[in-house]
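Descriptive structure summary
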Amino acid sequence: GSECEEGYQKLLSPTEIIHSFLKTHTTYEDEQDQIGLLFRFIQYVERQVVLFDALEDAGFTKVKDIDGAGSIKQLKLDIQKSKKEIQLAHKLRDFSIYLVLTAHPTQFYPGAVLGIIRDLATSVAVNDVENIKTYLEQLGKTPFLQKKQPTPYDEAISLIWYLENVFYDASGNIANQLFQSFGEIEGEHKPLIKLGFWPGSDRDGNPFVTTQITQNVAKALRQSIIKCYYRHVRMIKRRLTFSGVDILLSNLENLLYSHIHHCDNTIPLTAQDIKIQLDEIKSLIDKDHDGLFGHLVTDLIRKVQLFGLHFATLDIRQESVVHHQVLDAIFTEYTGLSVSERLQFLSNPPQVEDNIDYPNALISDTILNIKGVETIHLLNGELGCNRYIISQCQSALNVMEVYGLFLACGWDASKLNMDIVPLFETIDDLQNAASVMIELYQLDTYRQHVKRRGNKQTIMLGFSDGTKDGGYLMANYSIYKAKVMLTKVSNDWGVDVLFFDGRGGPPSRGGGKTHQFYASMGRDISNNEIQLTIQGQTISSNFGTVESAQYNMEQLINAGVTSDLFSKKEITLSPAEDALFVQLGQQSYDTYSSLKNHPDFMAYLSDVSPLRYYTETNIASRPAKRNAGTKLTLRDLRAIPYVGAWSQLKQNITGYYGVGTALAALDEEGRFHEAKVLYQRSLYFKTLMDNSEMAMKKCFFPLTAYLGNDSEYAEIWHLIHAEYELSKKYILLLSGRPSLMGDH
């Protein structure tokens, strides 16, 4: 450590620091011996981090005030104090949180290590020293590197572990707590907590996801939830030993057991079948046994209402360009049509014939996948897979092409029980989102489809790609403005718009103080549901234990409810505040774009950061960029390795670059006080600045200071460092703190 600190002070490169250490403190001269020593250092550090994660998990309930601000318990006190029980009941009939688990490549721990963390945390919590020593010894012999790249199915199985061991209990606990606090107000057809799932169905840029894998993942999810119900029934049997009840429970136990390993069982099973049997058991307990232990059955009934036979809803996602390629391949006349003629054609296309040999596997698989959704519905119910997300969506035609493909694959328009979800990501796409939706709502065919879907339209907004494209402030402003406009446009057409936020772990990808972000919304932005992705390392860090998952879900529920019931803000930002935000966003965008267009930008990122190693780490099935084999471009580079590379450099430009210049320009106009007022009055703007501050706190420029003298990269390093220092200066002027996150 001291060798590194001295090296940083002398502006030495990492290579120079390592060579100095080896020469001064070791006798190793053979390069392989030196590499072996360094690797053992890395192994030691890795395992210390694991131990720290386990300590963090074990101490979660002591570190966090789980019954404090943002909890269900606090919500109950606030509701009782303000006498808003009726308003809450109305809100909860329509409101829910929808957490979608994704398998993006930021989960560095292999499954075996995650299991050790859990066991370590359990032992630490009870101060079981002997087991702690044993698990640490096990950790020392457990490899962290994965020799093979995981398949999408491997990723799905890894995340299903969290569904079984964390979300099943955490979601059920919240449902029970809400009932105890407010009574039965959730409504059977609108669960307060919904789970989504991308591994095995997210095709965007992942050539390894196939129809067969999607079908296998759907079966695995069904088997997993039936297994949970089976274990639950066996557990409550120990208490429900009463005459008559025992026979009914045994019948249910046998039924569930027969379906655990047989998804295609000849005897059909639905969630309603399970619920009917549980209702009968509960009724018998109330009638003949004084309701003794009836709450145990009620707990299971609520879980069946939450998870059905799907456990988590599979979202299919694919790039818009793929759908266009498929239509060109299956309909020879499609290519020559104008846009208006294509829209008409897609309203009632011919049906695709079976067993046709198409030019490539992608076309065949796209068709098979759309047809295969019906199989998932038969086994898992409609909630098994009821959304198709279109990434890089830029037009109404992109949406209608998916609609047309479903009809061409044999779906009846009147029975098309799938939500088609446009995903707007780049700055231009976000700015054009409202006009795209107006054009869609004006199409009678699509308008009728939305009407059949309950006049609800889900729209996904991508924080990660927006930040990659436009920088921190402009991306956040564009998403905010898109939500305002999309809410208004949808309301004008009588459509309830639901926003699905593609958020990642770090602040620059929409993470950070997520619950505070939702709490800051005014009534000009639809908030009937909070839908967001939970990605990579965030799953294990924020939802890795029942306690942490329950805490973070309660925070989101509280934020969504209180922003509606207690907020006095009709609009998120006033016209004057909006105008100020526009100015800051545009200045920030220009500054970020200038850096992005620097001739050395991509070379710097590729040569200096660990970007090129992302694909080689075998931490995910999806490639680090689209269009494999082509030259690396910023457009093709996935947002996660892009942001991750800057994070590994400890420069985090996606979290602040352009913020300092924008605030400095305002200061030069003598208007910096306006930014301070905005920071003090707008929770939304304050949350953005606080998240930016968090991103800067994770920077460490001494690590790369040697580049300041580099013949090739000195200029770009100084640009980044200067913007960091400027942003730090003005963030501290806004917050009034002496140091970054000085009050944490």
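Everything discussed here concerns the structure shown above.
Criteria and cut-off values
- Residues numbered from 1 in each chain as written.
- Predicted model: local features only at pLDDT ≥ 70, side-chain atom pairs only at ≥ 80, totals over all residues.
- Heavy atoms only, no water.
- Buried < 20%, exposed > 50% of the residue type's maximum accessible area, 1.4 Å probe, protein only.
- Helix = DSSP H or I, 4+ residues; strand = E, 2+ residues; numbered from the N terminus.
- Pairing = 2+ DSSP bridges.
- Expected span 1.5 Å × (residues − 1).
- Bend = angle between axes of the 7 residues up to and from the residue.
- Contact = heavy atoms within 4.5 Å.
- Polar contact = N/O pair within 3.5 Å; in protein donor to acceptor, adjacent residues only side chain to side chain.
- Patch = residues over 30% accessible without salt bridge, like charges linked within 9 Å, V, L, I, M, F, W, Y side chains within 5 Å.
- Areas by Shrake-Rupley, 256 points an atom, 1.4 Å probe, with all protein chains shown as cover.
- Salt bridge = Lys/Arg side-chain N within 4 Å of Asp/Glu carboxyl O.
- Phe/Tyr/Trp six-rings, centres within 6.5 Å; stacked < 30°, edge-to-face > 60°.
- Lys NZ or Arg CZ within 6 Å of the ring centre and 35° of its normal.

Burial analysis of strand E1 (residues 96–102) places 7 of its 7 residues in the buried class, the great majority of the element. A two-sided burial pattern is seen for E1, the buried positions comprising Ser-96, Tyr-98, Val-100 and Thr-102 on one face and Ile-97, Leu-99 and Leu-101 on the other. As judged from the 7 bridges shared by E1 and strand E8 (residues 529–535), these two strands associate in the parallel manner. Paired with Ser-96 across the two strands is Glu-529, which belongs to E8. In the sheet, E1 pairs with strand E2 (residues 193–197) via 5 bridges, with the strands oriented parallel. Bridge pairing links Tyr-98 to Lys-194 in E2.

Time to look at helix H16 (residues 361–380). Taking 1.5 Å per residue, 20 residues should reach 28 Å; H16 reaches 27 Å between its end C-alpha atoms and fits that length. At Lys-371, H16 shows its strongest bend, of approximately 30 degrees. Considered for burial, the residues of H16 that qualify are Ile-363, Asp-365, Thr-366, Ile-367, Asn-369, Ile-370, Gly-372, Val-373, Ile-376, His-377, Leu-379 and Asn-380. Packed against the buried residues of H16 are helix H10 (211–237), strand E3 (313–319), helix H14 (320–330), strand E4 (387–391) and helix H17 (396–408). If you check the start of H16, you find a side-chain oxygen 3.0 Å away from the backbone N of Leu-362, and it comes from Asn-360.

Bringing unusual backbone geometry into the picture now. Although it is not a glycine, Leu-11 sits at a positive phi angle of roughly 60 degrees. Note on placement: Leu-11 falls in the loop between helix H1 (2–9) and helix H2 (14–25). You will see that Phe-311, though not glycine, has its phi angle at about 70 degrees, which is positive. Owing to a relative accessible area of 1%, Phe-311 belongs among the buried residues under this scheme.

The end-to-end C-alpha distance of helix H24 (residues 546–565), which contains 20 residues, comes to 28 Å, matching closely the 28 Å that a straight helix rising 1.5 Å per residue would cover. Burial of H24 is extensive: 18 of the 20 residues sit out of reach of the surface.

What follows is about a nonpolar patch on the surface. On the surface, Phe-39, Ile-42 and Leu-145 cluster together to form a nonpolar patch covering roughly 310 Å² of accessible area. Position of Ile-42 among the secondary structure elements: in helix H3 (residues 31–58). Its relative accessible area of 45% is what places Ile-42 among the partly exposed residues.

What characterises a pair of aromatic rings is the spacing of the ring centres plus the angle enclosed by the ring planes. Tallied over the full model, the rule gives 30 aromatic pairs. The interplanar angle of 15 degrees and the centroid separation of 6.4 Å between the aromatic rings of Tyr-480 and Phe-581 together place this pair among those described as stacked. Placement of Tyr-480 in helix H21 (residues 472–492) and of Phe-581 in helix H25 (residues 575–596) is noted, with a sequence separation of 101 residues between them. Residue Tyr-480 is classed as buried on the basis of its relative accessible area, which comes to 4%. Of the aromatic side chains, those joined through ring pairs into one cluster are Tyr-477, Tyr-480, Phe-581, Tyr-684 and Phe-685. If you follow Arg-302 out to its NZ or CZ, it ends over the ring of Phe-179, 4.2 Å from the centre. The cationic tip of Arg-342 hangs over the ring face of Tyr-334; the distance from NZ or CZ to the ring centre is 4.9 Å.

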